Amino acid sequence: MLLQKSIVLSVFCLLSVCTLAQQRPRNGSKSSYTRERFNYNATRVRGNKAKIVCPVFDKSKYPYHGFGVKMGDPFALTYKYYPNKNFAIAADVGKPASGLYNRYFRQQFNTYQRDTLSQGAQVNYLTHTVKSDFIGELKLLYHIDAKFISPGLQFYVGAGWEWKYSKIRYDYVYDEPDNPNPNSNNRIGNFTVSRFTQGPQGVIGIEYSYFQLPISAFMELEYFTDVQLDPGWSRAEGGVGLRYIF
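Everything numeric here is computed off the predicted structure, so don't read it as measured data. (Residues numbered from 1 in each chain as written. Predicted model: local features only at pLDDT ≥ 70, side-chain atom pairs only at ≥ 80, totals over all residues. Heavy atoms only, no water.)

## With respect to the sheet that holds strand E3 (residues 87-95)
- Taken in spatial order, the 8 strands close into a barrel running E1-E2-E3-E4-E5-E6-E7-E8, and their pairing is antiparallel. Between one strand and the next, the sheet's axes are offset by a mean angle of 25 degrees, whatever the strand orientation.
- Pairing between strand E2 (residues 75-82) and E3: 7 bridges, direction antiparallel. When the sheet's bridge partners are listed, threonine 78 is paired in E3 with aspartate 92. (Pairing = 2+ DSSP bridges. Helix = DSSP H or I, 4+ residues; strand = E, 2+ residues; numbered from the N terminus. Axes fitted to C-alpha atoms, helices over the stretch in contact; angles between N-to-C directions.)

As structure tokens, then:
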């Protein structure tokens, strides 16, 4: 349910911003540099829905940079470098959707149990709290022009590397049924662990840039595989976002 609400909210925000971006700007509000850089004198489509192609599709003005925000898993600041029309490098830094990892973190509880238990004693999971969470991604992307479907549309595929860091506090119940002292039974305790892991990821996505403003909207799906802390564990990630192009 949390994932569904996040996706619906993200798509709604993306569509709202795109709608605002497509509104006709006033010509007098743009400097001569802005007009030249972002091709404001380009041929426009007639009517109320007039648009121009965002500069990432202007072959004569590369390279370009894009900076914006990505909503999903992770929620991150995102930067993209466009050296030419076909290739790009993207970097995301932010916070994973921790709620989507609750089940996984709970399953990891037993891997952290200490070896200092007395005979017959056991530690039972109670709850956990993610104290801090960080994720970083670096991706190399290849773009495929899809203007035959819609002007300003591109598909892209690529591969990259992902780093994850989490600090988690586990609360537990210490049960020692063979201890004659009743005060030692069912004691509540806690411990904190730091998790750092990394691994490769594959990515596919679409990017749309056919607005009067120099922005680019994108949607992507990623697949991450852990190679350090829990080798072989995999998870689908991704999100939607906007970047300002300059």
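## Things to note about the side chain of serine 216
- Looking at the element boundaries, serine 216 is found in strand E7 (residues 215-225).
- Using a relative accessible area of 0% as the deciding quantity, one classes serine 216 as buried.
- A distance of 2.4 Å separates the side chain of serine 216 from the side chain of glutamate 207, its partner in a polar contact.
- Setting aside chain neighbours within four positions, we find serine 216 in contact with Tyr82, Glu207, Tyr208, Ser209, Gly241, Leu242, Arg243 and Ile245. (Buried < 20%, exposed > 50% of the residue type's maximum accessible area, 1.4 Å probe, protein only. Polar contact = N/O pair within 3.5 Å; in protein donor to acceptor, adjacent residues only side chain to side chain. Contact = heavy atoms within 4.5 Å.)

## Here we look at unusual backbone geometry
- At the junction of tyrosine 62 and proline 63, the peptide bond is cis and its omega measures out at 5 degrees in the coordinates.
- A cis amide bond links aspartate 73 with the next residue in sequence, proline 74, at an omega value of 10 degrees.
- Tracing the sequence through the fold places proline 74 in the loop between strand E1 (64-73) and E2.

## Concerning the pattern of salt bridges
- Under the counting rule described, the total for this entry stands at 14 salt bridges.
- A salt bridge links lysine 139 to glutamate 222, with the nearest nitrogen and oxygen atoms 2.8 Å apart. A residue pair is termed long-range when its members are at least 10 positions apart, and lysine 139 in strand E4 (residues 122-145) and glutamate 222 in strand E7 qualify at 83 residues. Across the pair, exposure class does not vary: lysine 139 and glutamate 222 are buried alike.
- For aspartate 171, the salt bridge goes to arginine 169, with nearest N and O atoms at 3.2 Å.
- What makes aspartate 171 buried here is its relative accessible area of 12%. (Salt bridge = Lys/Arg side-chain N within 4 Å of Asp/Glu carboxyl O.)

## Some words on the pairing of strand E5 (residues 153-175)
- Alignment of E4 against E5, held across 22 bridges, turns out to be antiparallel. Paired with histidine 128 across the bridge in E5 is tyrosine 170.
- Both E5 and strand E6 (residues 187-208) contribute to a ladder of 22 bridges, which runs antiparallel. Pairing of tyrosine 174 across the sheet is with arginine 187, part of E6.

## Regarding the packing of aromatic side chains
- For the structure on display, the rule yields 15 aromatic pairs.
- Residues tyrosine 244 and phenylalanine 246 carry aromatic rings whose centres are separated by 6.1 Å and whose planes lie at 20 degrees to one another, so their mutual orientation is stacked.
- Residue phenylalanine 246 is classed as partly exposed on the basis of its relative accessible area of 38%.
- Through a chain of ring-to-ring contacts, three or more aromatic side chains come together here, namely Phe109, Tyr112, Tyr125, Tyr170, Tyr172 and Phe191.
- Over the face of the ring belonging to phenylalanine 224 we find lysine 164, whose NZ or CZ atom lies 5.4 Å from the ring centre.
- The ring centre of tyrosine 101 lies 4.5 Å from the NZ or CZ of arginine 235, which sits over that ring. (Phe/Tyr/Trp six-rings, centres within 6.5 Å; stacked < 30°, edge-to-face > 60°. Lys NZ or Arg CZ within 6 Å of the ring centre and 35° of its normal.)

## So, the side chain of glutamate 222
- In this structure glutamate 222 comes out as buried when scored by relative accessible area, which is 1%.
- Reaching out from glutamate 222, the side chain makes a polar contact with the side chain of lysine 139 at a distance of 2.8 Å.

## Describing the nonpolar core
- Among the nonpolar cores identified, the biggest contains 15 residues, and Phe105, Phe109, Tyr170, Tyr172, Phe191 and Val193 are the most heavily contacted of them.
- The set of elements that each furnish at least two residues to this core consists of helix H3 (102-107), E5 and E6.
- Here the element with the most residues in this core is E5; it accounts for 4 residues.
- Those residues in contact with tyrosine 172 that lie beyond four places of it in its chain are Phe109, Val123, Asn124, Leu126, Arg187, Ile188, Gly189, Asn190 and Phe191. (Core = buried A, V, L, I, M, F, W, Y, C linked by side-chain atoms within 4.5 Å.)

## Some remarks on the confidence of the model for the protein
- Residues at a pLDDT of 70 or more form 70% of the protein, whose mean pLDDT is 80.
- Counting interchain partners and residues more than four positions distant, the pLDDT-below-50 stretch residues 1-35 has 39 contacts.
- Contacts of residues 40-50 to residues separated by more than four positions or lying in other chains number 20 contacts, the stretch itself having pLDDT below 50. (pLDDT = per-residue confidence, 0-100.)

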